[in-house]
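# Examining the three-dimensional arrangement
One-letter residues, chain by chain:
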Amino acid sequence: MPSVTRRVLLGTTVSSLAMGSVEGRADDTTPTISAAPAPGSPGAMDIALQINGNQVPLVVDPRTTLLDALREQIGLTGTKKGCDRGSCGACTVHIDGRRVLSCLTLAARVQGKAITTIEGLTSGDVLHPVQAAFLHHDGYQCGYCTPGQIMSAVALIKEGHTRSDAEIREWMSGNICRCGAYPNIVAAIRDAAQRS
Amino acid sequence: MQAFHLSQPNSLDAALAAARSHGAKFIAGGTDLMQLLKDNIEVPTELVDLERVGLSSIQADASELRLGAMARMSDAAVHPDVRAGWPAIVQALEASASPQVRNMGTIGGNLLQRTRCGYFRDTGFACNKREPGSGCPAIAGENRLMAILGGSDHCIATHPSDLAVALTALDAMVTLHGINGERRVPIADFYRLPADTPHIETILQPGEMITAVTVRASGAARNSHYLKLRDRASFEFALVSVAVGLDQRDGVIEHALLAAGGVGTRPWRLPQVEAALRGKALEDAVFGDASSIAAGGASPAQQNGFKRILLQRAVFRALQMASA
Ligand SMILES: Cc1cc2nc3c(=O)[nH]c(=O)nc-3n(C[C@H](O)[C@H](O)[C@H](O)COP(=O)(O)OP(=O)(O)OC[C@H]3O[C@@H](n4cnc5c(N)ncnc54)[C@H](O)[C@@H]3O)c2cc1C
Ligand code: SF4
Ligand code: FES
Ligand code: FES
């Protein structure tokens, strides 16, 4: 399956690149990407976020969402922006182990909390079992909703909401897939839950 | 989103002090407020973060349940004491929004979420609730989702909270804290009808905060249910919902508590249905009679007449669930 090869490639190289860039910037107190307000500009806040185990200093506008900070300032683009209004789940991350929506979270409000993004699920080149299950069951088509689906699924399995397919569907209802890959998503989660 | 200053007080007193500044607004889970900020529907100049204030405890004993205003919806829903003593609250919470939103959203914020009226949420339209005096395009426009009870010539928007419907049926009290101290009000008095001031939705005073919600323990609360009917199976607001609590002895209804959502401009108590059930037998014929008067006084708009019948049927079904 050539598409799997491409996805494996994307899944590992993009995320390790992204991780590299966080680590690269972790010691640099002035992120250079343009989305950050100039240090000292009115309202700018010096903050530090704990992302995937790394302490990341940042300068943000108080209005900056965690989603925009991740994507535009830190370079972790695995977390996706779908609706930016809480309705799709594409931006799902974990904060202190709970699945939440980064589009409705102000970055300045989550200092001192452990933030995990899709890039932080893997250790080295080994996929997280839920990532592997999505790959095995082809739990996506375009892949745009997939990071959010996987982050949500990892939390769902930990919550124990996998006793039936109906329960999986209900507790995954905050993650919309416009491609309609739902049957394969449910199969992947059922499989990963049984192995965990 | 307009610029604001973010303050992060770490005590109730500090939060109340910060909220005294003109243009201040509390932010709890942020799940509704962030949407409203992004769309310039709310334009506070000072955002007072309640995260470090505490107020997140959930306590229950033989007489009462107390939910801190900052308790997360998901934490209240999994709490074993809440599940045992107040199942309608659990069911209302679990039927709300999505798991991610429930992990963020709080009890206090939930009660104060704004209406889902599409005109209110789009600054391209007039809306008396958003901009007093500008008009209400819903009355002669898209009104399939609007209220059939409690509306006025100025606004017919529904209150969207599921939790508030369960709390209204169960006679909850809301605890408020302001600079002048604490007061407790029945939830039935907390929400106002729109009348000619639809922009004023509750009796909350400027700078005043919800600190807790309390609900009595009772047989009706222990045997309570929440039925939610919507356009899709999950992750959707209610078209019509019904919270019911039934206290029965030997097949006779001693006490019935009922409230409806999706139909009123505020969570809608159904006292006439409660009266029709009191002292009657637990049987379908009684439920049929009582539910037939559930929509009394309704005045639907052009597209939402169906809610009248849906409400009657939802009451009937909810009564069956509570007596099963
Ligand atoms: C996609 C989506 C779907 C949803 N579906 C449903 C649904 O089906 N049913 C349902 O009931 N809800 C639904 N909701 C709404 C959700 O439940 C609310 O947004 C949430 O409960 C609000 O809580 P919060 O803590 O995030 O409030 P915030 O957004 O932080 O605040 C909301 C308002 O309350 C004020 N506030 C917050 N806490 C206090 C306090 N303690 N004292 C005084 N003022 C306070 C804020 O200033 C603000 O005005 C949905 C939301 C989303 C995003
Ligand atoms: S129904 Fe109320 S909220 Fe909706 S447009 Fe009319 S005034 Fe605004
Ligand atoms: S982008 Fe956050 S829920 Fe859609
Ligand atoms: S795979 Fe395309 S949106 Fe889900």
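What you are looking at is a predicted structure, and each value in this text was computed from that prediction instead of being measured.

### Observations regarding the pattern of salt bridges
Counting across every chain of the model gives 31 salt bridges over all chains. Salt-bridge contacts for R184(B) lead to E64(B); the nearest nitrogen and oxygen are separated by 3.9 Å. You can see R184(B) sitting in strand β7 (residues 181–186) and its partner E64(B) sitting in strand β5 (residues 64–68), a full 120 residues away along the chain. It is possible to trace a salt-bridge network through shared partners that takes in D68(A), K81(A), D84(A), R85(A), K38(B) and D39(B).

### Things to note about the packing of aromatic side chains
All told, the structure shown has 3 aromatic pairs over all chains when counted by the stated rule. Seen from their ring centres, Y119(B) and F125(B) are 5.0 Å apart, and the 80° between their planes marks the pair as edge-to-face. For F125(B), a relative accessible area of 40% gives the class partly exposed. We note R102(B) situated over the ring of W171(A); from NZ or CZ to the ring centre the distance is 4.9 Å.

### With respect to the side chain of N304(B)
Residues and elements named next belong to chain B. Along the polypeptide, N304 turns up in the loop between α12 (284–292) and α13 (306–323). Only 3.0 Å separates the side chain of N304 from the backbone oxygen of M146, close enough to count as a polar contact. Within polar-contact distance, the side chain of N304 engages the backbone nitrogen of A301 at 2.7 Å. For N304, the contacting residues outside a window of four places in its chain are N143, R144, M146, A147 and I148.

### As for the domain arrangement of chain B
Along its sequence, chain B is organised into domain 1 (5–48) and domain 2 (219–323). Taken over C-alpha atoms, the centre of domain 1 of chain B sits 36 Å from the centre of domain 2 of chain B.

### Topic: the site of ligand 2
Taken together, 13 residues form the shell around ligand 2, and within it C117(B), C127(B), C136(B), H154(B) and C155(B) come nearest. In the shell around ligand 2, the residues fall into 10 nonpolar, 2 polar and 1 charged.

### Overview of the confidence of the model for chain B
Across chain B, the average pLDDT comes to 97, with 100% of residues at 70 or higher. For this predicted complex, the interface score ipTM comes out at 0.97, while the overall pTM is 0.93.

### Details of the domain arrangement of chain A
Residues and elements named next belong to chain A. One can read the domain layout of chain A as domain 1 (45–120) and domain 2 (129–195). Spacing between the C-alpha centres of domain 1 and domain 2 amounts to 21 Å. The interface of domain 1 with domain 2 comprises 16 residues on the first partner and 17 residues on the second. Across the domain 1 to domain 2 interface the summed buried area is about 1,300 Å²; carbon plus sulfur atoms make up 55%. On the domain 1 side of the interface with domain 2, the three residues burying the most area are H94, R99 and I118, jointly 47% of the side's total. Between R99 and E159 there is a salt bridge, with its nearest N and O atoms 2.8 Å apart.

### What to know about the nonpolar core
Generally speaking, nonpolar side chains in soluble globular proteins are found buried as a group. Counting residues in each nonpolar core, the largest one holds 40 residues, and the members touching the most others are L65(B), W86(B), I89(B), L111(B), L167(B) and V215(B). Looking at this core element by element, the count peaks at 6 residues for helix α8 (residues 163–169) of chain B. Residues within four places of W86(B) in sequence aside, it is in contact with A60(B), D61(B), E64(B), L65(B), D81(B), L170(B), V215(B), R216(B), A217(B), A221(B) and S224(B). If you look at the next biggest cluster of nonpolar residues, it comprises 34 residues, including I47(A), L70(A), L76(A) and V100(A).

### A short note on the interface of chain B and chain A
Tallying the contact residues gives 33 residues for chain B and 30 residues for chain A. Counting the surface lost from both chain B and chain A, the interface buries some 2,600 Å², and carbon and sulfur atoms represent 53% of this. Three residues stand out in chain B for area buried against chain A, namely K38(B), Q100(B) and F235(B), and they jointly supply 24% of the buried area on that side. Between chain B and chain A we count 6 salt bridges in total. When the shortest N-O distance is used, the salt bridge between R109(A) and E51(B) registers 3.8 Å.

The rules behind these values
- Residues numbered from 1 in each chain as written.
- Chains lettered and ligands numbered in written order.
- Predicted model: local features only at pLDDT ≥ 70, side-chain atom pairs only at ≥ 80, totals over all residues.
- Heavy atoms only, no water.
- Salt bridge = Lys/Arg side-chain N within 4 Å of Asp/Glu carboxyl O.
- Helix = DSSP H or I, 4+ residues; strand = E, 2+ residues; numbered from the N terminus.
- Phe/Tyr/Trp six-rings, centres within 6.5 Å; stacked < 30°, edge-to-face > 60°.
- Buried < 20%, exposed > 50% of the residue type's maximum accessible area, 1.4 Å probe, protein only.
- Lys NZ or Arg CZ within 6 Å of the ring centre and 35° of its normal.
- Polar contact = N/O pair within 3.5 Å; in protein donor to acceptor, adjacent residues only side chain to side chain.
- Contact = heavy atoms within 4.5 Å.
- Domains from an automatic or database assignment.
- Near = heavy atom within 4 Å.
- Nonpolar A, V, L, I, M, F, W, Y, C, P; charged D, E, K, R; others polar.
- pLDDT = per-residue confidence, 0-100.
- Buried area = accessible area lost by both parts, 1.4 Å probe.
- Core = buried A, V, L, I, M, F, W, Y, C linked by side-chain atoms within 4.5 Å.

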